[in-house]
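For reference, the chains in residue letters:
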Amino acid sequence: MSTVLRSYLAGEWRVGSGKETELVNPSTEEVLARTSTGGLDLGGAVKLARERGGQSLRAMTIGQRAELLKKLAKTLADAREELITLGLINAGNTRSDAKFDIDGASATLMFYAELGSKMGDARVIADGEGIPIGRSARLYGQHLLVPRQGVAVQINAFNFPAWGMAEKLAAALLAGMPVITKPATSTSMMAHRIAQLWIESGALPEGAFSFLCGGIGDLLSFLGPQDVVAFTGSGATAAQIRRQENLARHNVHLNIEADSLNSFVLGPDLSLGTEAMNLFFSDAVKEITQKAGQKCTAVRRIFVPADRLDEVREELVQRLSEVRVGNPADERAQMGPLATAQQLHDVRAGMAQLTRSSKLAAGGPKPIEAIGVPSGKGFFVSPTLLIQPNPSVADSANEVEVFGPVATLMAFRENAALIDLVAAGGGGLVSSIYSDDRPFIEQVVTGIAPYHGRVTIAGEKLAGQSIPPGTVLPQLLHGGPGRAGGGEELGGMRGLSLYLQRVALQGHRPIVEQLSGTRRESGV
Ligand code: NAP
């Protein structure tokens, strides 16, 4: 008998009616839970969140909101083992994958709690310095950030049920906006449990947090000019949301985090056996296999100097062939299955598209014998590497995102062509350069920076302490232009901007300073 998951709306747990979606264990295909959002009063949930949740949060100081985030982080940390188990059974996470998700969630909540604590009693945020704008110092301007008076609808992808939800929620609550969060249905057991724990903790004021477990229904049709939609998922779903009539009519603030063809670039200076080269290989294998490649920041394209192609291919093929694929419930498994049957179908179809312009070097779409799995069950694929010695910007590797453990190794012969190839991804979340050659780094970073939200540079000096590029840090921007959605999340206080209205105050300096909380004795 599978569990029925519920939604928490307008201060109550509710069960939807009508057609249910089944949630399965992607290793065994056993049905674990069911959910539906049919018949739920989403307009009522929006109204309560806006009116009660918004009011209570705006009445709190930023320091008090920060205390709230601390409690939510602690709740997650206390339930870590239980949540890891849900990641294993419902998302196909290995223990290490699930910890990455849950610890990333707690750490991001704590990061924003600490930022907020520093702001103490403030309720609004001064944006930059005040500016004298007249002939005398009396006439003064100051930009100010104030919470929007609507609700933040936060829609997440299936791959990070904890981290994805927590990172968006932290920024909105700290800014003073109530949240309606919607996890992807297929892997929502972990998010559902977190929602239960947060509500039971009593930390959240009424209406500050709502949880929609299942399809989006007509939720977006209730949104207006003070509301926000923060979306993470595929470019195709993002395009549907952008076309939603009332979102366009009311200019609802929309942040999109979508696909990305992230890349690694190996500089011509690194040679086999060096620490930096080992870092390149271990990061590449991690970014291909962690969460079975189902990370928005996973590496999809690896560019290396043409005369190094064979040695890099040999080493990567060797390392990928050693990765044990299986049911995460079996301790021998190092990489789990894809999250759903649809994912398996899409990844195999994507591999077929890639083989139109590249050759398979390892793995591929064929069914595999996974460890600890009933015969023929589970959504498993092998870590897969393709190779293209003479890439062009039109190759499918530069156009198709295969959201699984799949990367294409490509050769480059000159820096200008390399920059064109990296940029051909159409806008990405992260590109990583492994080199200590300063002129090379400068030329490549200058060329590719406009196409990315983040560029990481790793070399010999950082080999012992570098953070794998797929790890999203709350201090630094997450997002990217073009196909990556054009959105921005995190990046410290920048992450709050979506939930805040910037207003320029212009007037007599003491009044402007008083309203913006920047008043010092100025004598004017
Ligand atoms: P998806 O199919 O686009 O779904 C994302 C979310 O949108 C889910 O919660 C889904 O709900 C919801 N949704 C579906 N149709 C909707 C609609 N018409 N209106 C509003 N919401 C709707 O993506 P996914 O398969 O979960 O995630 C994989 C994709 O996400 C990949 O392309 C990956 O690159 C991208 N991603 C990007 C980032 C980033 O930060 N840039 C991070 C993670 C993943 P249901 O599950 O109920 O259908």
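Our structure is the block above this text.
Residues numbered from 1 in each chain as written. Predicted model: local features only at pLDDT ≥ 70, side-chain atom pairs only at ≥ 80, totals over all residues. Heavy atoms only, no water.

(A) A look at the nonpolar core. If you look at the biggest cluster of nonpolar residues, it comprises 66 residues, and the most contacted ones within it are Leu 72, Leu 109, Tyr 112, Leu 173, Trp 198 and Tyr 499. The set of elements that each furnish at least two residues to this core consists of β5 (31–35), α2 (62–78), α3 (80–91), α4 (95–117), α5 (163–175), α6 (188–201), β10 (209–211) and β11 (228–232). No other element matches α5, which puts 10 residues into this core. In this structure Tyr 112 touches Leu 69, Ala 170, Leu 174, Pro 474, Leu 490, Gly 491, Gly 492, Gly 495 and Leu 496, once residues within four positions along its chain are discounted. (Core = buried A, V, L, I, M, F, W, Y, C linked by side-chain atoms within 4.5 Å. Buried < 20%, exposed > 50% of the residue type's maximum accessible area, 1.4 Å probe, protein only. Helix = DSSP H or I, 4+ residues; strand = E, 2+ residues; numbered from the N terminus. Contact = heavy atoms within 4.5 Å.)

(B) Focus on unusual backbone geometry. Unlike most non-glycine residues, Glu 29 shows phi in positive territory, near 70 degrees. Looking at where Glu 29 falls in the secondary structure, it is placed in the loop between β4 (21–24) and β5. With a relative accessible area of 30%, Glu 29 lands in the partly exposed category.

(C) Molecular detail of the pattern of salt bridges. Tallied over the full model, the rule gives 20 salt bridges. Arg 52 is the salt-bridge partner of Glu 206, the closest N and O atoms lying 2.7 Å from each other. With Glu 206 in the loop between α6 and β10 and Arg 52 in helix α1 (residues 42–59), this pair connects stretches of sequence that are 154 residues apart. On the accessibility criterion, Glu 206 (44% relative accessible area) is partly exposed. (Salt bridge = Lys/Arg side-chain N within 4 Å of Asp/Glu carboxyl O.)

(D) Broad picture of the packing of aromatic side chains. Here the structure, examined in full by the defined rule, presents 12 aromatic pairs. Through pairs of rings, three or more aromatic residues link up here, namely Phe 264, Phe 280, Phe 281 and Tyr 434. Sitting above the plane of the Phe 160 ring, Lys 291 keeps its charged end 4.5 Å from the centroid. (Phe/Tyr/Trp six-rings, centres within 6.5 Å; stacked < 30°, edge-to-face > 60°. Lys NZ or Arg CZ within 6 Å of the ring centre and 35° of its normal.)

(E) Structural context of the site of the ligand. Of all residues adjacent to the ligand, which total 26 residues, the nearest are Thr 185, Ser 234, Thr 237, Glu 401 and His 478. Contacts to the ligand include Asp 259, whose side-chain N or O atom sits 3.0 Å from an oxygen atom. In isolation the ligand has 910 Å² of accessible area, and contact with the protein removes 81% of it. When contributions to the shell around the ligand are tallied by element, the ones reaching two or more residues are β11 and α7 (235–242). The biggest single contributor to the shell around the ligand is α7, with 3 residues. Its residues placed into classes, the shell around the ligand shows 12 nonpolar, 10 polar and 4 charged. (Near = heavy atom within 4 Å. Polar contact = N/O pair within 3.5 Å; in protein donor to acceptor, adjacent residues only side chain to side chain. Areas by Shrake-Rupley, 256 points an atom, 1.4 Å probe, with all protein chains shown as cover. Nonpolar A, V, L, I, M, F, W, Y, C, P; charged D, E, K, R; others polar.)

(F) Geometry of empty space enclosed by the protein. Taken as a whole and judged by the stated rule, the model has 5 cavities of 30 Å³ or more. Put simply, the largest cavity is a space of about 70 Å³. Every residue along the wall of the largest cavity is listed here: Ala 91, Gly 92, Asn 93, Asp 97, Phe 158, Asn 159, Lys 291, Ala 292, Gln 294, Gly 336, Pro 337 and Ala 339. Across the lining of the largest cavity, the residue classes break down as 5 nonpolar, 5 polar and 2 charged. (1 Å grid on protein atoms, 1.4 Å probe; cavity = no way out; pocket = protein on both sides within 12 Å on 5 of 7 lines; lining within 4 Å. Points joined across faces, edges and corners; volume = space filled by probe spheres on them.)

(G) Summary view of a nonpolar patch on the surface. On the surface, Ile 131, Ile 133 and Leu 139 cluster together into a nonpolar patch covering about 240 Å² of accessible area. With respect to the helices and strands, Leu 139 occurs in strand β7 (residues 139–147). On the accessibility criterion, Leu 139 (38% relative accessible area) is partly exposed. (Patch = residues over 30% accessible without salt bridge, like charges linked within 9 Å, V, L, I, M, F, W, Y side chains within 5 Å.)

(H) Molecular detail of the side chain of Gln 290. Considering the arrangement of structural elements, one finds Gln 290 in the loop between α9 (275–289) and β14 (301–305). Excluding anything up to four places from it in sequence, Gln 290 contacts Asp 97, Phe 100 and Lys 295.

(I) Spatial organisation of the packing of α5 against α6. Running from N to C, α5 and α6 point in directions that differ by 40 degrees, and their axes come no closer than 10 Å. Here α5 is positioned oblique relative to α6, judged by the angle of their axes. Here Met 165, Ala 166 and Leu 169 of α5 come into contact with α6, specifically with Ala 191, Ile 194 and Trp 198. Counted by class, the contact of α5 with α6 contains 6 nonpolar, no polar and no charged residues. (Axes fitted to C-alpha atoms, helices over the stretch in contact; angles between N-to-C directions. Parallel < 35°, antiparallel > 145°, perpendicular 65-115°, else oblique.)

(J) Spatial organisation of α6. Taking 1.5 Å as the rise per residue, α6 with 14 residues should run 20 Å; its terminal C-alpha atoms sit 20 Å apart, in good agreement. Counting buried residues in α6 gives 11 out of 14 residues, a clear majority hidden from the surface. Regarding α6, the residues found buried are Ser 188, Met 189, Met 190, Ala 191, His 192, Arg 193, Ile 194, Ala 195, Gln 196, Leu 197 and Trp 198. Gly 202 sits one or two positions beyond α6 and adopts a positive phi of about 75 degrees. (Expected span 1.5 Å × (residues − 1).)

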